[in-house]
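Structure at a glance
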Amino acid sequence: MTEQLIAPEVGRSRTRKEDARLVTGQTNWTDNITLPGLLHVAILRSPMAHARIDRIDVTPSLARPGVIAAFSGRELAAELGSLPCAWQVTEDMVLPDHPPLAVDEVRYAGDPVAVVVARDRYTAADALEDIWVDYTPLPPVLDLEGALAEGSPLVHSGKGTNRCYTWPLASGDYAAARAAADVVVRRRYTQQRLIPNAMEPRAVVAAPVASSGEYTLYSATQIPHIVRIMMSLTTGIPEHKLRVVAPDVGGGFGSKLQVYGEEAIALGLARRLGRPVKWTESRSEGYLATHHGRGQIQDIELAATRDGKLLGLKADILADMGAYLMIITPGTPLLGAFMYPGIYKMDAYSFTCTGVFTTKTPTDAYRGAGRPEATFAIERTMDELAAELGTDPLELRRRNWIQHDEFPYTTIAGLTYDSGNYEAATDRALALFGYDDLRAEQRARHDNADPVRLGIGISTYTEMCGLAPSRILGSLRYAAGGWEAASIRMLPTGKVEVITGTSPHGQGHVTCWSQIAADALGVPFDDVEVMHGDTRVAPQGMDTYGSRSLVIGGVAVHRAAEKVVAKARRVAAHLLEASEDDLEFSGGTFTVKGSPEAHKSIQEIAFATFAGHDLPEGMEPTLNAEHLLDPDNFSYPHGTHLCAVEVDTETGRVRIRSYVCVDDVGRVVNPMIVEGQVHGGVAQGIAQALYEEAVYDDEGNLVSGTMADYLVPAAPDLPDLVTDRTETPATSNPLGVKGVGEAGTIASTPAVVNAVMDALRPLGVRDIRMPCTPERVWQAVKEATK
């Protein structure tokens, strides 16, 4: 026999299968979908942050040619229901109703109040101007601390409070740790609101099938399976009569990890009118209507001995919920609760988060979802403690981090980190960065009173990702589980179909899942087809978010492939008249130990199984298999990011001079895709540090509501990144993989801000609220040196 050698796919930088359609215009975005009789929807939104609706008259809009229907919130209230929140984080959490169209009161600028349905999108949009709405203004609620003060106006008057919940976590005796400390560093940080900017705006198409009472909902979503369940519960459409399809989806970053009112509105209108309808947001509409991210005030205390040993950490968080609780709004800040201690050893930890209602766009998950906030707090405060002690910030970290020979390690927050090597990642980053030379240049610039100061920022991070174990999510009162599903169909000709419950929107699942399946089955990469994003094609799944896809969905593919091979082994043993234990499987071929001339390829086994002429007794004629994976633990990627900035004290301009990141994401399936994820993540973290902020005026109007006012950095605004990896395989899954999708965002923000502060601390600057714009930097320098 001449054995066909197939080079391993896992670890290979394969060009993405998805890209050919993307670059040749053959994609199928939701807004591209056109159906017979399609109508277009436009939504009238409140121009006020808080007001009582006294009257809505949609009748004038009906006189406009081309308008088919128009409705107020009250007219559709019964059939649209209330939007769901899946995470009741405490038993006494305040959970107000959330109508997709406001009925009696609007609670943020952008709250929907009426809809128009027309033959084309432009007529629908124009007809919104014909609708009359009388409002009585109510006081806005904008400040988190003010919202909790006695006598504050209420966002939801019927609830009697603006406090949504208070959620504590404690381990060890922080009061004792604080009393024993030689140094206690206290800092307040503000995590500004951020507005997601996926390349594709949100869009929805709802299509009824009158004869059967079925509906198909096409949505630019990250979570088609969850949308199906929640829309069934919200609208009353039976789940088995509702199909949800996520076509090509152009990015999400958490903003499409949502069950939106527009989805319910589209279904309600399709049901009422008996015709398909489409809604697509404009970019400025999305700034108001798509949920925001972050929005926190963090009060941090870090207690330590004089020689820099950490004793305890205290974090008190005020988290801005916005006006309503969306799918995981209350739980998003709690995803960071377990990560404030980071990679460090200490004796005590106290965490309290208070969720607060405001008259602003609701918040929810945004790339990193709670973990960037936690990493920022601990990494910024480690630098502040180092300054207080007169210690090099890198040396302080070395004294306190978990050593590589201490894994698995259970942290003070209760998580068990399975593997890691912080020393290796840091040493590699230092070698690439030239740390000592930059410190020498920094001292020289300081001695020469150079107005352009050099700063060096450090971020040594880890994160919990692979949002999963169902039992842990249940203990945290989350409504769903964290398992994932994969099926493999071995076709008669030996080709392979992989059906995954994950739903990609730019991550490269089709490519990576093909690589995993090709290796496990011993088939060529191009012989694997991956299907996803359609609840009829892939009926089971928990979708894509929280860097979970590879470590749960990809591993589920691997496990399903193992089941296929096990079935094929049984058939091969029967055909080769050998014991299963005497078979070896390599490169897609079964051979008999000691008799290499006796062999069967998996393609031959696939056809023989399909034919069914000679199968083992009692075996069904199929190699197909599925696997539902519910992991025992999260995965914990880590790394070291180093940033050097030049800060012009005369203008306030910050320029990133060099940026080095060395990440450890376990075993790498596709290095090119990992590079892309790291680059994109770092860009978004830099954006929070230097550029982006959702700004509201005193009346609650979003004044950064367009791309002209909300500064999304472009390629010329970002540095060239030097990237590298160390590899410490995860022990929690057979592939040894960890997540990577959020790592760059989590690590980069504190690295950049620490660099800015390192440059300006000698001038007396103690903090600059993000983003560190030229105006804020200049003002901070002016106040510190006057």
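Before going into details, it helps to say that this report is about the structure given with it. (Residues numbered from 1 in each chain as written. Predicted model: local features only at pLDDT ≥ 70, side-chain atom pairs only at ≥ 80, totals over all residues. Heavy atoms only, no water.)

1. Side note on the pattern of salt bridges
Pairing of side chains with opposite charge becomes possible as their charged atoms draw close. To keep things clear, this is the line we draw: Take a side-chain nitrogen of Lys or Arg and a carboxyl oxygen of Asp or Glu: if they are within 4 Å of each other, that pair is a salt bridge. Under the scheme used here, helices are H or I runs from DSSP no shorter than 4 residues and strands are E runs no shorter than 2 residues, and both carry numbers assigned from the N terminus. Each residue gets one of three labels from its accessible area relative to the maximum for its type: buried under 20%, exposed over 50%, partly exposed in between, using a 1.4 Å probe on protein chains only.
Inspection of the entire model under this criterion finds 53 salt bridges. Linking Glu-79 and Arg-272 is a salt bridge whose minimum nitrogen-to-oxygen distance equals 2.6 Å. In this pair, Glu-79 sits in helix H3 (residues 73-80) while Arg-272 sits in helix H8 (residues 261-273), placing the two residues 193 residues apart along the sequence. The partner of Arg-397 in a salt bridge is Asp-383, and the shortest N-O contact between them spans 2.9 Å. Here Arg-397 is found in helix H11 (residues 393-400), whereas its partner Asp-383 is found in helix H10 (residues 371-389), with 14 residues between them in sequence. Each member of the pair, Arg-397 together with Asp-383, is buried. Salt bridges linked by common partners bring Arg-45, Arg-202, Glu-262, Glu-281 and Glu-285 together as one network.

2. Some thoughts on helix H20 (residues 774-785)
Where we set the bar: Expected span, for any helix, means 1.5 Å times one less than how many residues it has. In this description, one arc is meant: the one made by directions from the helix axis to the C-beta atoms. Here a residue-residue contact requires only that any non-hydrogen atoms of the pair lie within 4.5 Å.
Between its first and last C-alpha, H20 extends 16 Å over 12 residues, near the 16 Å set by a 1.5 Å rise per residue. Listed as buried for H20 are Val-777, Ala-780 and Val-781. Taken around the axis of H20, the buried residues stretch over an arc of 95°, which confines them to a single face. The inward-facing, buried residues of H20 abut strand E26 (638-648), strand E27 (654-664) and helix H19 (743-760).

3. Overview of the sheet that holds strand E13 (residues 293-304)
Short version of the rule: Pairing between two strands is assigned when DSSP locates at least 2 bridges connecting them. To obtain each axis, a line is fitted to C-alpha atoms, and for helices this fit is confined to the stretch in contact; angles are then taken between N-to-C directions over 0 to 180 degrees.
What the five strands build is an open sheet, ordered E7-E15-E14-E13-E8; its pairing is mixed. The strands lining the two open edges of the sheet, one partner per strand, are strand E7 (163-171) and strand E8 (183-194). For this sheet, the mean inter-axis angle between neighbouring strands, taken without regard to orientation, is 10°. With 10 bridges connecting them, strand E14 (residues 310-322) and strand E15 (residues 348-357) associate as parallel partners. Bridge pairing in E15 places Ala-315 opposite Phe-351. Those strands touched by H10 are E8, E13 and E14, and its axis lies near 145° from that of E8.

4. A closer look at empty space enclosed by the protein
Heads up, the rule is: Using a grid of 1 Å spacing that covers the protein atoms alone, one calls a set of points a cavity when a 1.4 Å probe fits there but cannot get out, and a pocket when the set is open and has protein on both sides within 12 Å along at least five of seven lines; lining residues are those with an atom within 4 Å of a point. Grid points are joined across faces, edges and corners, and a volume is the space filled by probe spheres set on the points. Residues are grouped as follows: Ala, Val, Leu, Ile, Met, Phe, Trp, Tyr, Cys and Pro are nonpolar; Asp, Glu, Lys and Arg are charged; all remaining types, including Gly, are polar.
This structure, assessed with the given rule, holds five cavities of 30 Å³ or more. The calculated volume of the largest cavity comes to roughly 120 Å³. Around the largest cavity, the lining is made up of 14 residues, and of these His-98, Tyr-108, Pro-112, Gly-261 and Ala-289 lie nearest the centre. For the lining of the largest cavity, a count of residues per class yields nine nonpolar, two polar and three charged.

5. Examining the nonpolar core
Stated formally: In this text, buried Ala, Val, Leu, Ile, Met, Phe, Trp, Tyr and Cys residues form a nonpolar core when linked through side-chain atoms within 4.5 Å.
Of all hydrophobic cores here, the largest spans 138 residues; its most connected members are Trp-167, Tyr-340 and Phe-351. Per-element accounting of this core gives the leading share, eight residues, to H19. Contacts of Phe-351, omitting those with residues within four sequence positions, involve Trp-167, Pro-168, Leu-169, Ala-315, Ile-317, Pro-333, Leu-334, Ala-337 and Tyr-340. Among the nonpolar cores identified, the runner-up in size contains 48 residues, and Val-496, Val-510, Leu-521 and Leu-615 belong to it.

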